[in-house]
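Each chain is listed here by its residues.
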Amino acid sequence: MKQYDEYQRLMRYKYGYYSFISLIGLITLNYFIGLFSNLQWGVTKDLEMLIIMYIVILFFVNISVYHNAYFRKNDNKKVISWLFLITGLFGLYTTYQTFLIMPEEIILDGKIGRGAIQLFSGLLFLSIPITTFIRNRMDKKIEKKNVSIFSEGATNYEKN
C-alpha cells in the first residue's frame, strides 16, 4: 500500500470495512432466507455465495474509484479505464452470446446459473470506467462552479 497516499489508504480501509460488514450481512440474510423459507435463488449454494461476493466487490471497487482510492498515484487512469472498458464490453458480449446459444447457463428453472459469473465479471470491469467518467464529470462541474464563484467575487471586489 506504499503506492497510495494517506487519504487513499484511509478510504480503502473505510470502505473495505463497510464491504466486509455488508458481506457478513448478506451472507447471514441469505442463510436465514434459505433456513426459514427453503428458498434457493442460485443453482447451488456455492454460486449464491459467489454472486454475493461479486455484489460486495462491485460496491467496494466503485466506491473506491469514486473517492479516488482505487488507482495508485502514478497510474494512468485513462489507459487503465479504456482497458477495463474493453474487457467489460467483451465480457458482456460473451455473456450475451452464451445466453443466445445456451440460455440455461444463465437461468435454469428460475434459478441463477453459473453463466452469471461471466455477467458479473463483465459488469465489474465495465463499472470502473463508468464510475471514473462520472467522477471526472463531477470534478469538472465543481471546478467550473468554483471558477464562476471566484470570478463573481473578483468582479464584486473590483466594483467596490
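In this report, the structure presented in the accompanying data block is examined. (Residues numbered from 1 in each chain as written. Predicted model: local features only at pLDDT ≥ 70, side-chain atom pairs only at ≥ 80, totals over all residues. Heavy atoms only, no water.)

**Considering the packing of helix H1 (residues 6-37) against helix H2 (residues 45-66)**
Right, so step 1: Where H1 meets H2, the closest approach of the two axes is 9 Å, and the angle between their N-to-C directions is 155°. Judged on the interaxial angle alone, H2 and H1 are roughly antiparallel. Classified by chirality, the crossing of H2 by H1 is right-handed. For the pair H1 and H2, contact is made by Arg12, Tyr15, Gly16, Tyr18, Ser19, Ser22, Leu23, Leu26, Ile27, Asn30 and Gly34 and by Lys45, Glu48, Met49, Ile52, Met53, Ile55, Val56, Phe59, Phe60 and Ile63, respectively.
Right, so step 2: In terms of residue class, the contact of H1 with H2 is made up of 13 nonpolar, 5 polar and 3 charged. (Axes fitted to C-alpha atoms, helices over the stretch in contact; angles between N-to-C directions. Helix = DSSP H or I, 4+ residues; strand = E, 2+ residues; numbered from the N terminus. Parallel < 35°, antiparallel > 145°, perpendicular 65-115°, else oblique. Left-handed = near helix turned anticlockwise from the far one by under 90°. Contact = heavy atoms within 4.5 Å. Nonpolar A, V, L, I, M, F, W, Y, C, P; charged D, E, K, R; others polar.)

**Some remarks on the side chain of serine 64**
Right, so step 1: Counting through the fold element by element, serine 64 comes out in helix H2.
Right, so step 2: Polar side-chain contacts of serine 64 include one of 2.8 Å to the backbone oxygen of phenylalanine 60.
Right, so step 3: Contacts of serine 64, omitting those with residues within four sequence positions, involve Ala69 and Tyr70. (Polar contact = N/O pair within 3.5 Å; in protein donor to acceptor, adjacent residues only side chain to side chain.)

**Considering the side chain of threonine 132**
Right, so step 1: Note that threonine 132 resides in helix H4 (residues 115-159).
Right, so step 2: A polar atom in the side chain of threonine 132 sits 2.8 Å from the backbone oxygen of isoleucine 128.
Right, so step 3: With near-sequence residues (within four places) excluded, threonine 132 lies in contact with Val65, Phe71 and Ser81.

**Some remarks on a positive patch on the surface**
Right, so step 1: Taken together, the side chains of Lys78, Arg137, Lys140, Lys141 and Lys144 present a region of like positive charge at the surface.
Right, so step 2: For the positive patch, the leading source of residues is H4, giving 4 residues.
Right, so step 3: Summarising the element assignment, lysine 144 is placed in helix H4. (Patch = residues over 30% accessible without salt bridge, like charges linked within 9 Å, V, L, I, M, F, W, Y side chains within 5 Å. Areas by Shrake-Rupley, 256 points an atom, 1.4 Å probe, with all protein chains shown as cover. Salt bridge = Lys/Arg side-chain N within 4 Å of Asp/Glu carboxyl O. Lys, Arg positive; Asp, Glu negative; His and termini not counted. Charge placed at Lys NZ, Arg CZ, Asp CG, Glu CD.)

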